[in-house]
Amino acid sequence: MENKTKSTKQIKANEVAEFILDAGVFLMASGAHSGRVWRNCKRMAEHWGYRMNFNPTFTGIMVSVWDDKDSENAVTRYKTAPQNSVHLETLTQISHLSWKIADGETEYDDARLELEAIKKKAHYPFWLVALAVGISCGCLCTLADGSPVDAALAFCGASVGSVVRYFILKKQFNQFLSIIIASAITTLIAGTDTIFGLGRAPEMTLATSVLYLIPGVPLINSVIDLLEGYFSASIARSLFAASIVSCIAVGMILSIMLLGINNF
Amino acid sequence: MELLSAISIDFALAFCVAFCWGILFGTPWKALLMTGLLGGFGHGIRFILLQSDFGLIASTLIASVSIGLVGIYAAHKVHNPPVVITMPACITMIPGLYAYRSMLAGIKLSDQAILEKEPNIIPTIAHNAVLTFSLLFTLAVGISISALLFRNKSVKEIRFIKNRLKLKGK
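Residues numbered from 1 in each chain as written. Chains lettered and ligands numbered in written order. Predicted model: local features only at pLDDT ≥ 70, side-chain atom pairs only at ≥ 80, totals over all residues.

**Regarding the overall build of chain A**
Consideration 1: For chain A, the helix and strand inventory stands at eleven helices and three strands.
Consideration 2: Secondary structure elements of chain A, listed N to C terminal, follow the sequence α-α-α-β-β-β-α-α-α-α-α-α-α-α.
Consideration 3: Across its three principal axes, chain A shows a C-alpha extent of roughly 75 × 35 × 30 Å.
Consideration 4: Counting over 264 residues, chain A shows a buried share of 45%.
Consideration 5: Considering only intrachain contacts with a sequence separation of at least 6, the fraction spanning at least 24 residues in chain A is 67%. (Helix = DSSP H or I, 4+ residues; strand = E, 2+ residues; numbered from the N terminus. Buried ≥ 20, exposed ≤ 12 C-beta atoms within 10 Å, placed from the backbone. Contact = placed C-beta atoms within 7 Å.)

Have a look at this one:
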């Protein structure tokens, strides 16, 4: 270990901290729980011969990196996280990158380039996501005892809502606003089932068609963080998830009020 | 026979849900198939347990824990961290219906006339909200079971899998 780090040029604590923050903050926003961020960052820091400690919150990470033998070579830095958008492929790739660094297969500069490439990696195209969302909401509706008509309406509602949300987000609007509008549109489409009495279980259509907006990853991560003892990150995540859930509720209320509350 | 076909239908639907949810969450293309299989497997277990009167929360807990445990091995097979495939698989059991019911009852609470017509609206909210939170908690326990049981070791360091790999190498 010792020989390996000395044979490469000695990397400054500041550079290590910068790399760790870049990777960690991006992991956090892509849907990793704090324990995973900690493991990945520690692996990289240890290979470069540093000790580290960090304080993760959902909105950013504060990290200290220091060299045990050289007390001057130490740094504490903070970085704000980018906007939360779940992309689990990032978790895989940064995990692979950290193992490559830990095994000494990648130098610092190459790792830097690779991280930039991972950051630019595109999500699935929006029409595929819309299709997938529609199919999964339709299947969930069928699982909850809905008839094919209910499932078809859930499919339409979820797909249209998802496309609308994509275009709102593309115009750089606030993400909570996008969720309110998407859930209102989805509920309007799914609500026709109740109004015209098309299917066997119209309640299921309404309940399952907005499920694609549910912040499953932050919700579950908040509990995992709670169990592992990262309380500040856990509270921030649950607050974020709770506000998204209430935005979904606001959108549904708008549509239900429009369609007439007594019909439901 | 009838039960068998019901289970396979349940498996197929849950497969679709987990697969598509994997696309929404951006699971890598190669791991999507495994995600779907895992989701179908977990939901199938829950279906069987529900049929044998196990109770909703207990059967969801057992199903999500088995997803979490099988997920460790499955993830290793497709070279991904376990969360990447267990997260969409567990989402198939998300308690959307109960969340919706408590929300709808909450909206109705604001209307005096409906409140007088349906006096047991507050127990409805409480019941559905408690169900929602307990189900969410069981899902989270299932996903984090690997981290909890193996004390934060990475998959590559778990001795069981290492031994298996060594045996295979010989």
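**Some remarks on helix α3 (residues 56–77) of chain B**
Residues and elements named next belong to chain B.
Consideration 1: Between its first and last C-alpha atoms α3 spans 31 Å; for 22 residues at 1.5 Å apiece the expected length is 32 Å, and the two agree.
Consideration 2: Of all the bends in α3, the largest measures some 35° and sits at Gly71.
Consideration 3: Those residues of α3 not exposed but buried are Ser59, Thr60, Leu61, Ala63, Ser64, Ile67, Gly68, Gly71, Ile72, Ala74 and Ala75.
Consideration 4: Once α3 ends, the next one or two residues include His79, with phi positive near 55°. (Expected span 1.5 Å × (residues − 1). Bend = angle between axes of the 7 residues up to and from the residue.)

**Description of the nonpolar core**
Consideration 1: Core analysis: the largest hydrophobic core is formed by 120 residues, its most contacted members being Ile20 of chain A together with Cys20 and Met87 of chain B.
Consideration 2: Here this core gets twelve residues from one element, more than from any other, and that element is helix α1 (residues 2–25) of chain B.
Consideration 3: Each of two domains, domain 1 (2–120) and domain 2 (126–263) of chain A, supplies a minimum of three residues to this core.
Consideration 4: Once residues within four sequence positions are removed from consideration, Cys20 of chain B is found in contact with Ala132, Val133, Ile135 and Ser136 of chain A. (Core = buried A, V, L, I, M, F, W, Y, C linked by C-beta atoms within 7 Å. Domains from an automatic or database assignment.)

**Structural notes on the sheet that holds strand β2 (residues 60–66) of chain A**
Residue and element names in this part refer to chain A.
Consideration 1: Pairing is antiparallel across the open sheet formed by three strands, whose spatial order is β1-β2-β3. Each edge of the sheet is formed by a strand with only one pairing partner; in this case those strands are β1 (51–57) and β3 (74–80). Each adjacent strand pair in this sheet contributes to an overall mean axis angle of 10°, direction not counted.
Consideration 2: By the bridge criterion, seven bridges tie β1 to β2 in an arrangement that is antiparallel. (Pairing = 2+ DSSP bridges. Axes fitted to C-alpha atoms, helices over the stretch in contact; angles between N-to-C directions.)

**Quick word on the domain arrangement of chain A**
All names here are of chain A.
Consideration 1: Considered domain by domain, chain A is made up of domain 1 (2–120) and domain 2 (126–263).
Consideration 2: Distance from the C-alpha centre of domain 1 to the C-alpha centre of domain 2: 35 Å.
Consideration 3: For the side of domain 1 that touches domain 2, the secondary-structure elements that each account for two or more residues are α3 (34–47) and β1.
Consideration 4: Partitioning the side of domain 1 that touches domain 2 into residue classes produces three nonpolar, eight polar and no charged. (Nonpolar A, V, L, I, M, F, W, Y, C, P; charged D, E, K, R; others polar.)

**Notes on the interface of chain B and chain A**
Consideration 1: With 36 residues of chain B at the interface, the matching set in chain A holds 43 residues.
Consideration 2: Counting residues per element, the ones that place at least two in the side of chain B that touches chain A are α1, α4 (82–91), α5 (96–109) and α7 (121–149) of chain B.
Consideration 3: When residues of the side of chain B that touches chain A are assigned to their parent elements, the largest contribution, nine residues, is made by α1 of chain B.
Consideration 4: In terms of residue class, the side of chain B that touches chain A is built from 28 nonpolar, seven polar and one charged.

**Here we look at the confidence of the model for chain B**
Residue and element names in this part refer to chain B.
Consideration 1: On average, residues of chain B score 83 in pLDDT, and 88% of them reach the 70 mark or higher.
Consideration 2: Mean pLDDT across the elements of chain B ranges from a minimum in helix α8 (residues 159–169), with 54, to a maximum in helix α2 (residues 32–51), with 91.
Consideration 3: Taken together, the chains of this predicted complex give a pTM of 0.85 and an interface ipTM of 0.84. (pLDDT = per-residue confidence, 0-100.)

**Here's the deal with the packing of helix α7 (residues 148–170) of chain A against helix α8 (residues 175–196) of chain A**
Residues and elements named next belong to chain A.
Consideration 1: Interhelical geometry of α7 versus α8 gives an angle of 155° and a closest axis separation of 8 Å. In terms of orientation, α7 and α8 fall into the roughly antiparallel class. α7 and α8 meet at a crossing whose hand is right-handed. Together, Asp150, Leu153, Ala154, Cys156, Gly157, Ala158, Val160, Gly161, Val164, Arg165, Ile168 and Leu169 of α7 and Gln175, Ser178, Ile181, Ala182, Ser183, Ile185, Thr186, Ile189, Ala190, Thr192 and Asp193 of α8 make up the contact between the two elements. (Parallel < 35°, antiparallel > 145°, perpendicular 65-115°, else oblique. Left-handed = near helix turned anticlockwise from the far one by under 90°.)

**Considering unusual backbone geometry**
Consideration 1: Phi is positive for Asp145 of chain A, close to 70°, though the residue is something other than glycine.
Consideration 2: Turning to its location among the elements, Asp145 of chain A is positioned in the loop between α6 (126–143) and α7.
Consideration 3: Even without glycine at this site, His79 of chain B takes up a positive phi of about 55°.

**Considerations on α4 of chain B**
Consideration 1: For α4 of chain B, the buried fraction is high: ten of the ten residues fall into the buried class.
Consideration 2: If you check which residues of α4 of chain B are buried, you get Pro82, Val83, Val84, Ile85, Thr86, Met87, Pro88, Ala89, Cys90 and Ile91 of chain B.

**A few points about the environment of Ile244 of chain A**
Residues and elements named next belong to chain A.
Consideration 1: For Ile244, the position within the fold is in helix α11 (residues 231–259).
Consideration 2: Of the residues examined, Ile244 has 21 C-beta atoms within 10 Å and is grouped as buried.
Consideration 3: In sequence terms Ile244 and Ile179 are 65 residues apart; their C-alpha atoms lie 7.3 Å from each other.
Consideration 4: The contacts of Ile244, once residues within four sequence positions are left out, are Ile179 and Pro215.

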